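Observations on the model geometry
So you can see what is in the structure, the chains are spelled out below.
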Amino acid sequence: LAAADGELRRAPHQAEHQSRWRTAQGWRWFAWEETLITAGPGAGGVRAVGHDITRLRLAEEQTYRLSRAVEQSPVAMVITDPAGRVQYVNAKYTEATGRTLEQLLDDDADVLRDLHADETARILAGLQPMPPGKGASPEQAKFRSCAREC
């Protein structure tokens, strides 16, 4: 709060910060926007508007935990968009193949070709067309993983 107070004293006399508060519903996160309002010499106040951002903070924490789990996984992982273009590879994939995400993006590589031919056939056999009306349009993902172990 002291940093926000210092920001209010400097033009444009606005400050933003986040803080955690104990409420009747438990601990909550708030994002505060504060503006210094002056009504003449020696008169004025501060307008403070708080927004409850607890759900946003919890979602960020969950995303962080998930990303750490994927990054630290002992299994090579590749994330692609519905068209099969690589979006992410974890460190184990880079270790196993020697190819970084940047190299895959630059080469517009087909990551299934990095696998052994038997593994590629097994993965492709486990893909099936997305049934219509299941939440994806024909322009979106063409394939989904099968529910059985491939």
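Residues numbered from 1 in each chain as written. Predicted model: local features only at pLDDT ≥ 70, side-chain atom pairs only at ≥ 80, totals over all residues. Heavy atoms only, no water.

**Quick notes on the overall build of the chain**
Along the chain, the regular secondary structure elements total five helices and seven strands. Counting across all 150 residues of the chain, residues that qualify as buried make up 18%. Sequence-distant contacts in the chain: of pairs separated by 6 or more residues, those separated by 24 or more amount to 12%. Accessible area of the chain: about 11400 Å², with a carbon and sulfur share of 54%. (Helix = DSSP H or I, 4+ residues; strand = E, 2+ residues; numbered from the N terminus. Buried < 20%, exposed > 50% of the residue type's maximum accessible area, 1.4 Å probe, protein only. Contact = heavy atoms within 4.5 Å. Areas by Shrake-Rupley, 256 points an atom, 1.4 Å probe, with all protein chains shown as cover.)

**A few points about unusual backbone geometry**
Its identity as a non-glycine residue notwithstanding, H13 has a phi of 60 degrees, on the positive side. Along the chain, the position of H13 falls in the loop between α1 (2-9) and β1 (14-23). With relative accessibility at 30%, the residue H13 sits in the partly exposed group.

**Focus: the side chain of T35**
Looking at the secondary structure, you find T35 in strand β2 (residues 26-38). On the basis of relative accessibility, which here comes to 18%, the residue T35 falls in the buried class. Among all residues touching T35, those that are not within four sequence positions of it are L8, H13, Q14, G45, V46 and R47.

**Some points on the environment of R47**
Take R47: it is sitting in strand β3 (residues 44-52). You can call R47 partly exposed: its relative accessible area is 47%. Taking the C-alpha atoms as reference points, R47 and E34, separated by 13 residues in sequence, lie 5.6 Å from one another. In contact with R47, other than residues within four places in its own chain, are E33, E34, T35 and I37.

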